[in-house]
Amino acid sequence: MTTSTRMPSRSASPARPGTAAARRCAVAVIFASTLLASAAFAQDAGGILTSAHNLSAAGGAQVRAVSEAEVCIFCHTPHGSAPIQPLWNRHVPVNAYTVYSSSSLDAIPGQPTGSSKLCLSCHDGTIALGSVLSRGQTVAMAGGITTLPPGQNNLGTDLSDDHPVSFRYDAALAARDTKLKDPGNLGSSVKLDMRRELQCTSCHDAHNNQFGKFLVMDNSASQLCNTCHSRTNAGIPGHVQCASCHKPHTAPSGPFLLTGQTVSATCLSCHSGQAARPAGANIAADLNKLSRHDTNPSVRIPPTPADVTCNDCHEPHTMQAMTAQPPFISPRLGQVAGLNASGAVIPRAQYEFEVCFKCHAAGAATPARISRQVSQTDTRLEFSPSAISFHPVEAHGKSTDVPSLRPPMTTSSLIYCTSCHASDSGKSAGGAGAAGAHGSNVVPLLLSRYDTVDFTSESANAYALCYRCHDRSSILANQSFRYHKKHVVGARTPCSVCHDAHGISSAQGTATRNAHLINFDIGVVQPDPVTHRLEYVSQGPRRGACYLTCHGKRHSPKSY
């Protein structure tokens, strides 16, 4: 009797622990489990199957394969992967990137590393989407597409207009840049890599699109941005959402990461009267006026003196919808840098004039519009409390005898630069336009008319700027100077022929020659031919003498 021994088939034989077959089986089971878990997760809103990262033929994304059915294959494979975690199925791009750089950046980004480089294997547009290691040939994509279309998803190799990545974010960096939060307090959503570097995956989770744009957390009210950055503005409603002004990828402005090509273009996207903003916010209208700030918006670093932009006067992250009294800076300007009364650059201006001095003092002084006997274009010296005479911008005026002042003004009052230099259609001018020194049709950026041409006929309108603080009836009644009416009405001599509106510095003037803002317009007034003198001599309260020739009249001297 013969018996036969039936050998079990190979498929029925259990793999012995430790054999190659067992290891392959274990990997397959694990990978299958992973796929099942991923597929289950993808069924949820925001999962991969319904997102732009599903490049399979069945995916609903605009970019998808012609026939490839696998979903994960475009990034991962269980066999033949690159020696990169997690089971990477793509070639890694070479280091040929232009990295982000900015004068405000305290970190030192290098070429992309870690997960950022993996993301760029699709998102820099240099490697075909279907070029995966586990396929013998490139996976064909529908519509003949090979790489991501140009735009926000295709960052290219120039990353200078994208949020910086691959830099070490540690306590030392946060100490150097106080606008960054200590990374020890980032929470659970935003993660750094093993080297404590910030990567694409710090903000994006490639497997979860629950919050849109594959963000790791909800960014409404800039919650994601505020995890690292501490520049949130709570005072101006339109400034709360970072995305209103900033674009983290392919930003038109380059390193400023702004939604507009320039700072001003970004601001004017809301402040142009086109958006639903509070009344008086149409700043674009003022910037098109005859005399204006922001004459040549630029993103050059450092800017030239002509390149005035909105953030020269405003720090948009710290602005508050509040008011202040002279000389303190308006909260609407925010915590902007300035130049103080001593000429030192300060990171945060305390007074409004310190903001103005940045452009209207020292080497950035603006040319004089009137030829003066004493020429001075450094406004900081003109307004200095040590000056001979001045309008009360930094300190109250030196004279206690100014009968023409209109209430509530007194000789102890202070004024802003913007008390005179502001929009001619704003609330201060009696209009409904934007406030501030953005622009005016009255040169040089004046709130009201101030005629300086000789032989101007006196009227409430011709010298409206002066008459805002100085009572016209008092001036024409000669209450402070017995010949005021004779000069401005009879001889049609403008206020500017005798008075320099800003002031006369102590380095150039004297208390006897330049009291009461006397600084003659030498285009109108010439020296006295008899004494060859051109000067005013103060002789006490409401008394003085002039040596000059004006309108053919000689004063050799003329006393009063």
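The structure under discussion appears in the preceding block.
The structure contained in this document is the topic of the report that follows. (Residues numbered from 1 in each chain as written. Predicted model: local features only at pLDDT ≥ 70, side-chain atom pairs only at ≥ 80, totals over all residues. Heavy atoms only, no water.)

1. Digging into the pattern of salt bridges
Opposite charge on two side chains allows them to pair when their charged atoms are near.
Item 1. According to the stated counting rule, one finds 11 salt bridges in the structure shown.
Item 2. Here Arg195 and Glu197 are joined by a salt bridge, their closest N and O atoms 3.5 Å apart.
Item 3. Using a relative accessible area of 45% as the deciding quantity, one classes Arg195 as partly exposed.
Item 4. Of the residues examined, Glu197 reaches a relative accessible area of 13% and is grouped as buried.
Item 5. Across the pair Glu458 and Arg472 runs a salt bridge, and its minimum N-O distance is 2.8 Å. Residue Glu458 is located in the loop between strand 7 (439–440) and helix 11 (472–476), and its partner Arg472 is located in helix 11; the two are separated by 14 residues in the primary sequence.
Item 6. Three or more residues are tied together by salt bridges with common partners; here these are Glu68, Glu70 and Arg135. (Salt bridge = Lys/Arg side-chain N within 4 Å of Asp/Glu carboxyl O. Buried < 20%, exposed > 50% of the residue type's maximum accessible area, 1.4 Å probe, protein only. Helix = DSSP H or I, 4+ residues; strand = E, 2+ residues; numbered from the N terminus.)

2. Details of the environment of Asp451
Item 1. Along the chain, Asp451 turns up in the loop between strand 7 and helix 11.
Item 2. Note on Asp451: relative accessible area 17%, which makes it buried.
Item 3. With 44 residues separating them in the primary sequence, Asp451 and Cys495 have C-alpha atoms 8.2 Å apart.
Item 4. Setting aside chain neighbours within four positions, we find Asp451 in contact with Thr456, Ala462, Tyr463, Pro494 and Ser496.
Item 5. Within the structure, the side chain of Asp451 is placed 2.8 Å from the side chain of Arg449, a separation counted as a polar contact. (Contact = heavy atoms within 4.5 Å. Polar contact = N/O pair within 3.5 Å; in protein donor to acceptor, adjacent residues only side chain to side chain.)

3. Structural notes on the nonpolar core
Item 1. Grouped together as the largest cluster of nonpolar side chains are 16 residues, with contacts concentrated most on Tyr169, Val190 and Leu198.
Item 2. Those residues in contact with Tyr169 that sit more than four places away from it in its chain are Leu180, Lys181, Pro183, Leu186, Leu192, Arg196, Leu198 and Cys228.
Item 3. Residues Val525, Leu548, Cys550 and Tyr560 belong to the second largest nonpolar core, which totals 13 residues. (Core = buried A, V, L, I, M, F, W, Y, C linked by side-chain atoms within 4.5 Å.)

4. Description of the environment of Cys72
Item 1. Inspection of the secondary structure assignment puts Cys72 in the loop between helix 1 (20–42) and helix 2 (114–123).
Item 2. C-alpha of Cys72 to C-alpha of Leu55: the two residues are 17 residues apart in sequence and 8.7 Å apart in space.

5. Considerations on the side chain of Asp161
Item 1. Positionally, Asp161 belongs in the loop between helix 2 and strand 1 (167–168).
Item 2. Buried charge without a partner: Asp161 forms no salt bridge, and the closest opposite charge is Lys247, 8.1 Å away.
Item 3. Excluding its chain neighbours within four sequence positions, the residues that come into contact with Asp161 are Pro248, His249, Thr250, Ala251, Gly254 and Leu257. (Lys, Arg positive; Asp, Glu negative; His and termini not counted.)

6. Comments concerning the pairing of strand 11 (residues 544–550)
Regular strands place side chains that alternate from one sheet face to the opposite one.
Item 1. Burial of strand 11 is extensive: seven of the seven residues sit out of reach of the surface.
Item 2. Sheet analysis places strand 9 (residues 525–526) next to strand 11, joined by two bridges and oriented antiparallel. For Gln526, the partnering residue across the bridge sits in strand 11 and is Thr549.
Item 3. Note: strand 10 (residues 535–538) against strand 11, four bridges, orientation antiparallel. Along strand 11, the bridge assignment pairs Glu535 with Tyr547.
Item 4. Where strand 10 folds back onto strand 11 in an antiparallel hairpin, the turn is made up of five residues, including Gly540, whose phi is positive at roughly 115°.
Item 5. Across five bridges, strand 11 lies against strand 12 (residues 553–559) in antiparallel orientation. (Pairing = 2+ DSSP bridges.)

7. Quick look at helix 2
Item 1. Where helix 2 is concerned, the buried positions are Ser116, Lys117, Leu118, Leu120, Ser121 and Cys122.
Item 2. Check the buried side of helix 2 and you find it contacts helix 4 (200–203).
Item 3. One or two positions beyond helix 2, positive phi appears at Gly125, with a value near 75°.

8. Concerning helix 9 (residues 352–360)
Item 1. Of the positions making up helix 9, those classed as buried are Glu352, Phe353, Glu354, Val355 and Phe357.
Item 2. Taken from the residues just after helix 9, Ala362 is the one with a positive phi, measuring 55°.

9. A word on unusual backbone geometry
Item 1. Note the cis peptide between Gln85 and Pro86, where omega equals 5°.
Item 2. On the secondary structure map, Pro86 appears in the loop between helix 1 and helix 2.
Item 3. The omega torsion across Pro407 and Pro408 is 5°, close enough to zero to call that bond cis.
Item 4. Among the secondary structure elements, Pro408 is positioned in the loop between strand 6 (389–390) and strand 7.
Item 5. With phi around 55°, Phe214 is a residue other than glycine that occupies positive phi space.
Item 6. Along the chain, Phe214 falls in the loop between helix 4 and helix 5 (223–228).
Item 7. A residue is classified by how much of its surface remains accessible, and Phe214, at 10% relative accessible area, is buried.
Item 8. Backbone geometry at His516 places phi at a positive 60°, although glycine is not the residue there.
Item 9. Here His516 shows up in the loop between strand 8 (503–504) and strand 9.

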